[in-house]
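# Chain and residue survey
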Amino acid sequence: MEALGGPGAGLIVALENLFPPIPSEVILPLAGFTASQGNMSLVGAILWTTLGSVSGAVLLYYLGALLGRERIRAIARRLPLVKVEDVERTERWFDRHGRATVFFGRMIPIFRSLISIPAGVTRMSMPLFLLFTTFGSLIWNTVLVVAGYLLGESWHLVEGYVGAFQKVVVAVVVLAVGYFVVSRLLRLRRERRAEGAGDG
């Protein structure tokens, strides 16, 4: 970012979208700090990082479109405990709530990258995808870049707060997955008992 300024910040954020282990809670405040040092303007940092976010999201959208509904269903058939009906239910839900999901998903760690894939799978309207991705990314990027700009050399404090939020998100995801697995196992056990009783 010191060498390339705004374009460098945009490039790093685009890579963060494609490779989620690169944390935005580090990159964006650092971009703000770099702006505070005069290497680029604050507005430039926000606009370039948002352009990077949208660019990475569009690539993941097309990855989802390339996979398509049929490939996703074929993968679901091979996964234990997952049924094609689960995928179809998810697709119907995304068709109804896709706009809000893309918008708010851009402000949630982990989901902010992954949310572009189901948008591509369901072939969400590209103009709408770009609109909600841009506004969601702009809000998230502005908050973190401005925080880094105002904190100056203490920009790394932002990572602690966002990291705590990310831990909450991870905990919710783990609980949701655990609930899904347990409920599906109990359902399968009930179905087998019912089949056994029917055979008897």
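The structure displayed is predicted, hence computed values, not measured ones. (Residues numbered from 1 in each chain as written. Predicted model: local features only at pLDDT ≥ 70, side-chain atom pairs only at ≥ 80, totals over all residues. Heavy atoms only, no water.)

Among the nonpolar cores identified, the biggest contains 15 residues, and Leu28 and Met40 are the most heavily contacted of them. Broken down by secondary-structure element, the contributors of at least two residues to this core are helix H1 (6-18), helix H2 (24-36), helix H3 (42-78) and helix H7 (126-151). Broken down by element, this core gets its largest block of residues, 4 residues, from H2. Residues contacting Leu28, with those up to four places away along its chain left out, are Val13, Thr49, Trp140, Asn141, Leu144 and Val145. The next biggest cluster of nonpolar side chains, apart from the first, holds 11 residues, and it includes Ala57, Val58, Tyr61 and Val102. (Core = buried A, V, L, I, M, F, W, Y, C linked by side-chain atoms within 4.5 Å. Buried < 20%, exposed > 50% of the residue type's maximum accessible area, 1.4 Å probe, protein only. Helix = DSSP H or I, 4+ residues; strand = E, 2+ residues; numbered from the N terminus. Contact = heavy atoms within 4.5 Å.)

Attention now moves to H2. Counted at 1.5 Å a residue, the expected span for H2 with its 13 residues is 18 Å, and the 18 Å between its end C-alpha atoms agrees. Along H2, 10 of the 13 residues are buried, which leaves the element largely enclosed by surrounding structure. Within H2, burial applies to Ser24, Glu25, Ile27, Leu28, Pro29, Ala31, Gly32, Phe33, Thr34 and Ala35. At the exit of H2 stands Gly38, carrying a positive phi of roughly 90 degrees. (Expected span 1.5 Å × (residues − 1).)

Right, let's get into the packing of aromatic side chains. On inspection of all chains with the given rule, the structure shows 3 aromatic pairs. For the ring pair Tyr61 and Tyr62, a centre distance of 5.4 Å and an interplane angle of 85 degrees mean the geometry is edge-to-face. On the basis of relative accessibility, which here comes to 5%, the residue Tyr61 falls in the buried class. Classification of Tyr62 as partly exposed rests on a relative accessible area of 48%. (Phe/Tyr/Trp six-rings, centres within 6.5 Å; stacked < 30°, edge-to-face > 60°.)

Working note: a packed helix pair is described by the angle between its axes plus the distance between those axes. The contact between H1 and H2 brings their axes to 10 Å, and the two run at 170 degrees. When the interaxial angle is binned, H1 and H2 end up roughly antiparallel. Contact with H1, carried on its side by Ala9, Ile12, Val13 and Glu16, involves Ser24, Ile27, Leu28 and Ala31 of H2 and no other residues of that element. Looking at side-chain class alone, the contact of H1 with H2 contains 6 nonpolar, 1 polar and 1 charged residues. (Axes fitted to C-alpha atoms, helices over the stretch in contact; angles between N-to-C directions. Parallel < 35°, antiparallel > 145°, perpendicular 65-115°, else oblique. Nonpolar A, V, L, I, M, F, W, Y, C, P; charged D, E, K, R; others polar.)

With that settled, consider the side chain of Ser116. Along the chain, the position of Ser116 falls in helix H6 (residues 116-121). The exposure class assigned to Ser116 is buried, which follows from its relative accessible area of 0%. Among all residues touching Ser116, those that are not within four sequence positions of it are Ala57, Leu60, Tyr61, Arg106 and Phe129.

Attention shifts here to unusual backbone geometry. Unlike most non-glycine residues, Arg123 shows phi in positive territory, near 55 degrees. The residue Arg123 is located in the loop between H6 and H7 in this model. For Arg123, a relative accessible area of 56% gives the class exposed.

Turning our eyes to something else, we now look at the side chain of Asn141. Summarising the element assignment, Asn141 is placed in helix H7. A distance of 3.1 Å separates the side chain of Asn141 from the side chain of Ser53, its partner in a polar contact. Apart from residues no more than four positions distant in its own chain, Asn141 is found in contact with Leu28, Thr49, Thr50, Ser53 and Arg112. (Polar contact = N/O pair within 3.5 Å; in protein donor to acceptor, adjacent residues only side chain to side chain.)

For the rest of this paragraph, the subject is H1. The first and last C-alpha atoms of H1 sit 19 Å apart over 13 residues, in line with the 18 Å expected at 1.5 Å per residue. Restricting attention to buried positions, one finds in H1 the residues Gly6, Gly8, Ala9, Gly10, Val13, Ala14, Glu16 and Asn17.

So, on to the confidence of the model for the protein. Detailed reading of the predicted coordinates is not advisable wherever pLDDT is low. Of the residues in the protein, 77% have a pLDDT of 70 or more, and the chain-wide mean is 78. Helix H8 (residues 157-199) is the least confidently modelled element of the protein, averaging 68 in pLDDT, while H7 averages 90, the highest of any element. (pLDDT = per-residue confidence, 0-100.)

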